[in-house]
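Analysis of the macromolecular model
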Amino acid sequence: MFPIPENTDFLLADAESENLYLNLIEQINKDFNLANEGIDFPLSISPEELKIQLHEKIYRMIQYKFAEYLNLLYIIDVSETEIKKLDGSDLVILAEQVSFLVLKREWQKVWFRNHYSK
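**Focus on the packing of aromatic side chains**
Within the structure shown, the criterion is met by four aromatic pairs. An aromatic cluster is built from Trp111, Phe112 and Tyr116, whose rings are joined through pairwise contacts.

**Overview of the layout of surface pockets**
Roughly 180 Å³ of volume is contained in the largest pocket. When contributions to the lining of the largest pocket are tallied by element, the ones reaching two or more residues are helix H1 (8-17), helix H5 (80-85) and helix H6 (91-116). Per-element accounting of the lining of the largest pocket gives the leading share, four residues, to H6.

**A closer look at the pattern of salt bridges**
Under the criterion given, the structure shown has eight salt bridges. Aspartate 31 is the salt-bridge partner of lysine 109, the closest N and O atoms lying 2.6 Å from each other. A residue pair is termed long-range when its members are at least 10 positions apart, and lysine 109 in helix H6 and aspartate 31 in helix H2 (residues 21-34) qualify at 78 residues. A relative accessible area of 16% places lysine 109 in the buried class. The salt bridge involving arginine 105 is made with aspartate 77; its shortest N-O contact spans 3.2 Å. In this pair, arginine 105 is assigned in helix H6 and aspartate 77 in the loop between helix H4 (66-76) and H5, connecting sequence segments 28 residues apart. Looking at arginine 105, the relative accessible area reads 21%, which means it is partly exposed.

Rules used throughout
Residues numbered from 1 in each chain as written. Predicted model: local features only at pLDDT ≥ 70, side-chain atom pairs only at ≥ 80, totals over all residues. Heavy atoms only, no water. Phe/Tyr/Trp six-rings, centres within 6.5 Å; stacked < 30°, edge-to-face > 60°. 1 Å grid on protein atoms, 1.4 Å probe; cavity = no way out; pocket = protein on both sides within 12 Å on 5 of 7 lines; lining within 4 Å. Points joined across faces, edges and corners; volume = space filled by probe spheres on them. Helix = DSSP H or I, 4+ residues; strand = E, 2+ residues; numbered from the N terminus. Salt bridge = Lys/Arg side-chain N within 4 Å of Asp/Glu carboxyl O. Buried < 20%, exposed > 50% of the residue type's maximum accessible area, 1.4 Å probe, protein only.

Shown next as structure tokens:
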């Protein structure tokens, strides 16, 4: 059963402990590029730096490229229900919460592919 992470730090720790961190980075890069939002996280990026850069990217998209942001959420397949539950009054906090939802969905894809493709 897919272990639902409580927060970004636990998620990234799980990805590392299961030796799937690089797969997670590749999945993020792939989906952002599918959404025409060029992002190219190097495979050597630290989990802390990934968390920071993803947060900044989401923040900028919400602020300046909202249509592209919505398209990205659609391509990644982030739960619309979960997005609607978020409080959008503080953009920085909203971007952090959305970053976690993006990471959670990407991690889900990687985890399921790894556990069920054997």
